[in-house]
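Residue strings, one per chain:
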Amino acid sequence: MSRAFDPVQLGTIELFCKAAELGSFTATAQVLGVTPASVSRSIQRLEARLGVKLFHRTTRSVRLTHDGELYRDQCQQALEQIAEAERAITGRQRHPKGVLRISVGTVYAHHRLVPLLPGFMAAYPEVELELNVSNRNIDFVEDGYDLAIRLGEPRDSRVIARKLEDASLGVFCAPAYAARRPAPTTLATLPQHDLIQFITPSTGRPFPWQFVDEQGAPVDLQVHSRQRVLDDVLAGLGWAVAGGGLFQIYHFVAQEALLQGKLVEVMTPFAGRSRPFYALYPQHRHLSARVRAFVDYLLAAVRTESRRAQP
């Protein structure tokens, strides 16, 4: 009986071929934008699945075994055929189809992406969409995602990034808090207020509050507060709605609470900063028609939403 093929295995085969070409797990990790440990684990799982040893390993390099050379030759032929098929299909496919797997952080998912998904699904009825909402870093090879949406420009040049938007920032509080404690009139008086501080999970450090000064120059302030939120920015928003103090967050996240009268924006003379969100996909993969369609749709939809939000 034939063994079922796992679609994620294709990424592992690509990884194996690259490691065979470079003769180094570390170099392979650098090219593919993953960690050396993930390369090693992927190769170990592949060897366990096949029941053979593919590489001779030393502390400085790796080289193929005889079985590894045979497997490499067959895999390269198969990948070349797949690449040719993808080039042909994506070049003329009018109706993108198949499974699209996306990873997105919680803030962007709940307040930007999810409301736009029904329109995409209606426009492309043959696409199946799997959405993973998580703030953790992903491994495109191991996790099998086609696309990720993350805050900030990626440091790895081997990941292709398309900017979705520069999300503007504002400082918000509950109307009751604003009535009780008038907003700061200078940046120097900000620390005198009850501040809700967000701690970045990846570093454990406070996220700086970002403003422009009286001359329009950018200013990053590291504030200290006894009110701190870790990992979940939306909890900080809820804390502000409950009257806990001032909180800096994106306008698109605070918009609903503003319209409902649950929040007011303060310190507007010092607003004007933004942070970028990007759509990311691995450089070594062929861009499928469904990924291209989704990115193009999202770019157009975000621009439309941004124009609607402008006064």
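Residues numbered from 1 in each chain as written. Predicted model: local features only at pLDDT ≥ 70, side-chain atom pairs only at ≥ 80, totals over all residues. Heavy atoms only, no water.

Identification of the protein chain as LysR family transcriptional regulator from Aeromonas taiwanensis is taken from an unreviewed UniProt entry. Its UniProt record, at the heading Sequence similarities (unreviewed entry), says of the protein chain: "Belongs to the LysR transcriptional regulatory family." (UniProt positions renumbered as here; feature names shortened; annotations may be inferred.)

Colleague: When you look at the packing of helix α2 (residues 25-32) against helix α3 (residues 36-50) in this model, what are you seeing that I'm missing?
Modeller: What describes two packed helices is the angle between their axes and the distance between those same axes. Two elements in contact, α2 and α3, have axes whose closest approach is 8 Å; the angle formed by their N-to-C orientations is 110°. Comparing their axes, α3 and α2 come out roughly perpendicular. For α2 against α3, the interelement crossing comes out right-handed. Contacts from F25, T26, T28 and A29 of α2 reach α3 at P36, V39, S40 and I43. Considered class by class, the residues forming the contact of α2 with α3 number five nonpolar, three polar and no charged. (Axes fitted to C-alpha atoms, helices over the stretch in contact; angles between N-to-C directions. Helix = DSSP H or I, 4+ residues; strand = E, 2+ residues; numbered from the N terminus. Parallel < 35°, antiparallel > 145°, perpendicular 65-115°, else oblique. Left-handed = near helix turned anticlockwise from the far one by under 90°. Contact = heavy atoms within 4.5 Å. Nonpolar A, V, L, I, M, F, W, Y, C, P; charged D, E, K, R; others polar.)

Colleague: What is the right way to look at empty space enclosed by the protein in this model?
Modeller: It is a probe the size of a water molecule, rolled over the atoms, that shows where empty space is left. Under the definition given, this model contains one cavity of 30 Å³ or more. One number sums up the size of the largest cavity: a volume of about 50 Å³. Among the secondary structure elements, those contributing two or more residues to the lining of the largest cavity are β6 (159-173), β8 (209-212) and β12 (264-266). Per element, the largest residue contribution to the lining of the largest cavity is three residues, and it comes from β6. (1 Å grid on protein atoms, 1.4 Å probe; cavity = no way out; pocket = protein on both sides within 12 Å on 5 of 7 lines; lining within 4 Å. Points joined across faces, edges and corners; volume = space filled by probe spheres on them.)

Colleague: Explain the pattern of salt bridges to me, please; I cannot follow it from the model alone.
Modeller: Scanning the entire structure with this criterion turns up ten salt bridges. For R57, the salt bridge is made with E47, and the minimal N-O distance between the two is 3.0 Å. Highlighted residues: R57 in strand β1 (residues 55-57) and E47 in helix α3, separated in sequence by ten residues. Using a relative accessible area of 34% as the deciding quantity, one classes R57 as partly exposed. For E47, a relative accessible area of 11% translates into the label buried. The closest approach of N and O atoms between R162 and D296, which form a salt bridge, is 3.3 Å. A residue pair is termed long-range when its members are at least 10 positions apart, and R162 in strand β6 and D296 in helix α11 (residues 289-309) qualify at 134 residues. Classification of D296 as partly exposed rests on a relative accessible area of 38%. (Salt bridge = Lys/Arg side-chain N within 4 Å of Asp/Glu carboxyl O. Buried < 20%, exposed > 50% of the residue type's maximum accessible area, 1.4 Å probe, protein only.)

Colleague: Sorry if this is basic, but what is going on with the side chain of S225 here?
Modeller: Along the chain, S225 falls in the loop between β9 (218-221) and β10 (227-230). Reaching out from S225, the side chain makes a polar contact with the backbone nitrogen of Q227 at a distance of 3.0 Å. Once you skip the residues sitting within four places of it in the chain, S225 turns out to touch L195, I196 and Q197. (Polar contact = N/O pair within 3.5 Å; in protein donor to acceptor, adjacent residues only side chain to side chain.)

Colleague: Help me understand the packing of aromatic side chains, please; the structure alone is not making it clear to me.
Modeller: Aromatic ring pairs are described here by two measures, namely the spacing of the ring centres and the angle between the planes. Using the criterion set out here, one finds 13 aromatic pairs in the structure. Aromatic side chains F16 and Y71 sit 5.2 Å apart centroid to centroid with 50° between the ring planes, which places their arrangement in the tilted category. You can see F16 sitting in helix α1 (residues 9-22) and its partner Y71 sitting in helix α4 (residues 66-92), a full 55 residues away along the chain. Using a relative accessible area of 18% as the deciding quantity, one classes Y71 as buried. Each ring, one from F252 and one from F277, has its centre 6.1 Å from the other, and the planes form 70°; the classification is edge-to-face. Highlighted residues: F252 in helix α10 (residues 251-259) and F277 in strand β13 (residues 274-282), separated in sequence by 25 residues. Of the two residues, F252 and F277, neither departs from the other in class, the shared state being buried. (Phe/Tyr/Trp six-rings, centres within 6.5 Å; stacked < 30°, edge-to-face > 60°.)

Colleague: Hey, could you run me through the side chain of R150 in this one?
Modeller: Along the chain, R150 turns up in strand β5 (residues 147-151). Separated by 2.8 Å, the side chains of R150 and S103 make a polar contact.

Colleague: Would you mind showing me how to read the pairing of β10 here?
Modeller: Regular strands have side chains that alternate between both faces of the sheet. Where burial is concerned, the two faces of β10 differ: the one with Q227 and V229 is buried and the one with R228 and L230 is not. Bridge analysis of strand β7 (residues 196-199) against β10 gives four bridges, and the strand direction is parallel. The residue of β10 that forms the bridge with F198 is V229. (Pairing = 2+ DSSP bridges.)

Colleague: Looking at this structure, how should I read the nonpolar core?
Modeller: Soluble globular proteins tend to bury their nonpolar side chains together. In terms of nonpolar packing, the biggest core is built from 42 residues, with Y108, I249, Y250 and F294 touching the most fellow members. In terms of residue count, the dominant contributor to this core is α11 (eight residues). When residues of this core are assigned to domains, at least three fall in each of domain 2 (98-165 + 276-309) and domain 3 (167-274). Once you skip the residues sitting within four places of it in the chain, F294 turns out to touch L100, I102, L113, L117, F120, L129 and L147. If you look at the next biggest cluster of nonpolar residues, it comprises 20 residues, including I13, F25, I43 and Y71. (Core = buried A, V, L, I, M, F, W, Y, C linked by side-chain atoms within 4.5 Å. Domains from an automatic or database assignment.)

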